[in-house]
Amino acid sequence: MADHYENNMYHQTHNEGYSMYGGAGQDGYAYQSDILPQEEDAASDATEGHDEEDQMYEGEYQGIPHPDEVKAARRAARAKARAAADAASEQEELAEQYEDIMEDCGHGRFQWTLFVVLGLALMADSVECFVVSFVLPSAEKDMCLSNAEKGMLGLIVFLGMMLGAFVWGGLADKVGRRKCLIVALTINCVSAFLSSFAQGYGFFLFFRLFSGMGIGGAVPIVYSYFSEFLQMDKRGEHLSWICMFWMMGGIYASFTAWGVIPRYGWGFSMGTEFQFHSWRVFVLVCALPAIASVVGLMFMPESPRFLLEHAKHDEAWMILKQVHDTNWRAKGEPERVFTVAQIKTPKTQEDEFIEIQSATGTTFQRWLVRTPISSEGVMTSLNCTLLMAIIWFTMAFSYYGLSVWFPDMIKHLQNEEYDSKLKVFHREQVKHFHFNFSLENQVHKEGEYVNDKFINIEMKHVKFEDSLFEDCYFEDIRSTQTFFENCTLRNILFYNTDFERKIFIDCQLENVTFHQNKRGCHLDSEEENDVLVYLVSFLGSLAVLPGNIISALFMDKIGRSKMIGGSMLISAGCTFFLFLSFSQASIIAWQCLFCGVSVAAWNGIEVITVELYPASKRATAFGVLNALCKLAAIMGSSIFASFVGITKVIPILLSFAALVGGGLLALKLPETREKVLQ
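None of the values given here were measured: they were computed from a predicted structure.

**Student:** What am I meant to see in the overall build of the chain here?
**Tutor:** Check the secondary structure of the chain and you find 24 helices and 16 strands. The proportion of buried residues among the 678 residues of the chain is 53%. Considering only contacts in the chain between residues 6 or more positions apart, those separated by 24 or more positions represent 67%. Accessible surface for the chain amounts to roughly 29700 Å². Of this, 60% is attributable to carbon and sulfur atoms.

Here you go:
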């Protein structure tokens, strides 16, 4: 213990950049001189109430340095590096000081509580990506959507998320992480609630756009917010662990969709104008993670690092003391005292220049001063910013493109199998017959139907070609993909059917009457909700669990750039297995493999994005790159979907080329695992 005491004393008396220890500093933060700094035990903080004396004794017996000695040596090394520099920037000094404070505060109950609250926000972001794809089969019937309208509905969420990431990321650096995240999630919740009651396509599209804009701020703010409560040696691991909530969001959406959407009794109607079917209940349920996150954020403080950047030192001190006391009380050491007496951040010349212009200059002059300064943080290292933009884009283009391609290919194989069972009837003559059974997957050519009755039946994928209907009666018919082409209909009565004029293609209608025709589209409870869709999404989400665990455990050991590059290159190799996807089972297997491997790259990308940019521009940079990611997602999903049923070669080669290019560039990124968060 004598060595530990000497290390601390040396650190307090010999560190020029850290002279405020003991109360002498003016431009940093000061420790109370009569209390030695108390250090956090470096063992796993996941378990509380451990016997610290036993652990110390075992380490000394085995010749392992005490964790306090390790931290003291680390601080001394950082002080030596600062002393060796000619003139360390004030921003770097603040970063070093803040890192030492976070080490003293420790990692414990406070961070784990914030972990869950922010994880729910990430979970809401994941759920938002699945909502439209799950409700679309039912919504298209409920709102009579065309193919173009369905495509727009699928893209509008990503468009909203792209705009939201850009806007909320910038605001989080100006207004605050916590405040912006609460407002963004609230917009998401309110918009989701209103969209569930929207009866028309236009209103539903509008509210889903705003829902996406709200949740678009979750990713850039969550990572920026959480990283500023983590010390350097735990940052990579715990930022990777929080990615688990994105996986949980996919599982949650899949399970709730399977449990709610097929339950058509879970709804109500008010006449024919207002329908609230079960898929609308699912939209409401999907807002629960965001609501829970908003409630939790009400009890969480603002990021102290953000407050220091905006010269709110007293507020930052109170929050840091709260973090310190919460953690050490939970570990059974309430006697530990927060020894930071003062935090004072010196102003830069830029800050002083802005104040002068704010007091004396015109609005235009203030804008001229602030604009270049506000963009300086993102553009400080142009090469890194360009590399990150390319890596974000290539990863998102491949990942989201294949995420759409996998289920579309499964649906295509299902349709091929369904079409292979098509029954074709030629020149059948049916007279005075009562059809009281359903017709499905049939083509009737050159038939004659005279004095026949079609009552209370379903017609699914039925087509009549060059046929004659005379003196026939249709009543209470429900149809799906049913058409009459080049047919002649004479003296026909359609009563309470859903047949519309558009299904009669090049037909001659003579004395044909439509009476009490069903208006609008109608849900088909058997066909439109394939359980396989939910299963594929569930397995794809669950498959990332091993990749999440591996990336969290090894993020700080092998480094961010190697993690990203290796994962993207291995994922590129996995895409070639897609040439062997000849069945639904094989496509699901390759999807799980691809998702499990690629998640490590996503975790590395998000961690290194946080670490590359300073606190004053961190959320802005993350928001811009995340907006670029959503743009790539829109492009990838549109391009890949257009080749379904045509060729597999182009989607596979596009994803392979993008992943290889991005992976090789990722290896050129600077390593940030030993870098203090600026």
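**Student:** Could you clarify how one ought to interpret the environment of leucine 209 in this entry?
**Tutor:** Note that leucine 209 resides in helix H8 (residues 201-215). With 48 residues separating them along the chain, leucine 209 and methionine 161 place their C-alpha atoms 8.1 Å apart.

**Student:** Looking at this model, I keep getting lost on the packing of aromatic side chains. Mind explaining?
**Tutor:** Centre distance and the angle of the planes are the two values used to describe a pair of aromatic rings. Enumeration according to the criterion identifies 51 aromatic pairs in this entry. Note on tryptophan 392 and phenylalanine 622: the rings are 5.6 Å apart at their centroids and 70 degrees apart in plane angle, and the pair reads as edge-to-face. Highlighted residues: tryptophan 392 in helix H18 (residues 382-420) and phenylalanine 622 in helix H23 (residues 618-642), separated in sequence by 230 residues. The pair formed by tryptophan 392 and phenylalanine 622 is uniform in burial state, with each residue classed as buried.

**Student:** Quick question: what am I supposed to make of the nonpolar core here?
**Tutor:** Across soluble globular proteins, you tend to see nonpolar side chains buried next to one another. Counting 134 residues, the largest nonpolar core has Leu118, Tyr223, Ile242 and Met388 as the members making the most contacts within it. Take this core: its biggest share by element is 19 residues, from helix H5 (residues 109-142). For methionine 388, the contacting residues outside a window of four places in its chain are Ile605, Ile608, Thr609, Leu612, Tyr613, Leu625 and Leu669. By size, the runner-up hydrophobic cluster in this structure holds 23 residues, among which are Met459, Val462, Phe464 and Phe484.

**Student:** Just checking my understanding: could you explain the pattern of salt bridges for this structure?
**Tutor:** Opposite charge on two side chains allows them to pair when their charged atoms are near. Summed over all chains, the structure comprises 17 salt bridges. Between glutamate 228 and arginine 618 there is a salt bridge, with the nearest N and O atoms lying 2.6 Å from each other. A residue pair is termed long-range when its members are at least 10 positions apart, and glutamate 228 in the loop between helix H9 (218-227) and helix H10 (232-241) and arginine 618 in helix H23 qualify at 390 residues. Connected through shared salt-bridge partners, Asp173, Arg177, Glu228 and Arg618 make up one network.

**Student:** Would you mind showing me how to read a nonpolar patch on the surface here?
**Tutor:** On the surface, a nonpolar cluster with roughly 570 Å² of combined accessible area is contributed by Phe576, Leu631, Met635, Ile639, Val649, Ile650, Leu653 and Leu654. Secondary-structure elements contributing two or more residues to the nonpolar patch are H23 and helix H24 (649-666). The dominant element in the nonpolar patch, judged by the number of residues it contributes, is H24, at four residues. For methionine 635, the position within the fold is in helix H23.

**Student:** How should I be thinking about the confidence of the model for the chain in this particular structure?
**Tutor:** For residues with low pLDDT, the predicted coordinates do not support detailed interpretation. With 77% of its residues at a pLDDT of at least 70, the chain reaches an overall mean of 79. Element-level pLDDT for the chain is lowest in helix H1 (residues 2-14), with a mean of 39, against a maximum mean of 95 in helix H13 (residues 288-297). Scored below 50 in pLDDT, residues 366-380 makes 24 contacts in the model with residues more than four places away or belonging to other chains. With pLDDT under 50 throughout, residues 523-529 is counted as low confidence; its partners more than four residues away or in other chains account for 22 contacts.

**Student:** Just to check I follow, could you spell out unusual backbone geometry for this structure?
**Tutor:** Among all residues except glycine, the phi angle is most often negative; among peptide bonds, the trans geometry is most common. A positive phi angle, close to 60 degrees, is found at alanine 311, a residue other than glycine. Its place among the elements puts alanine 311 in the loop between helix H14 (304-309) and helix H15 (313-330). Phi angles above zero are rare outside glycine, and asparagine 486 is one such case at about 55 degrees. Along the chain, asparagine 486 falls in the loop between strand S13 (483-485) and strand S14 (488-495).

Calculation criteria
- Residues numbered from 1 in each chain as written.
- Predicted model: local features only at pLDDT ≥ 70, side-chain atom pairs only at ≥ 80, totals over all residues.
- Heavy atoms only, no water.
- Helix = DSSP H or I, 4+ residues; strand = E, 2+ residues; numbered from the N terminus.
- Buried < 20%, exposed > 50% of the residue type's maximum accessible area, 1.4 Å probe, protein only.
- Contact = heavy atoms within 4.5 Å.
- Areas by Shrake-Rupley, 256 points an atom, 1.4 Å probe, with all protein chains shown as cover.
- Phe/Tyr/Trp six-rings, centres within 6.5 Å; stacked < 30°, edge-to-face > 60°.
- Core = buried A, V, L, I, M, F, W, Y, C linked by side-chain atoms within 4.5 Å.
- Salt bridge = Lys/Arg side-chain N within 4 Å of Asp/Glu carboxyl O.
- Patch = residues over 30% accessible without salt bridge, like charges linked within 9 Å, V, L, I, M, F, W, Y side chains within 5 Å.
- pLDDT = per-residue confidence, 0-100.

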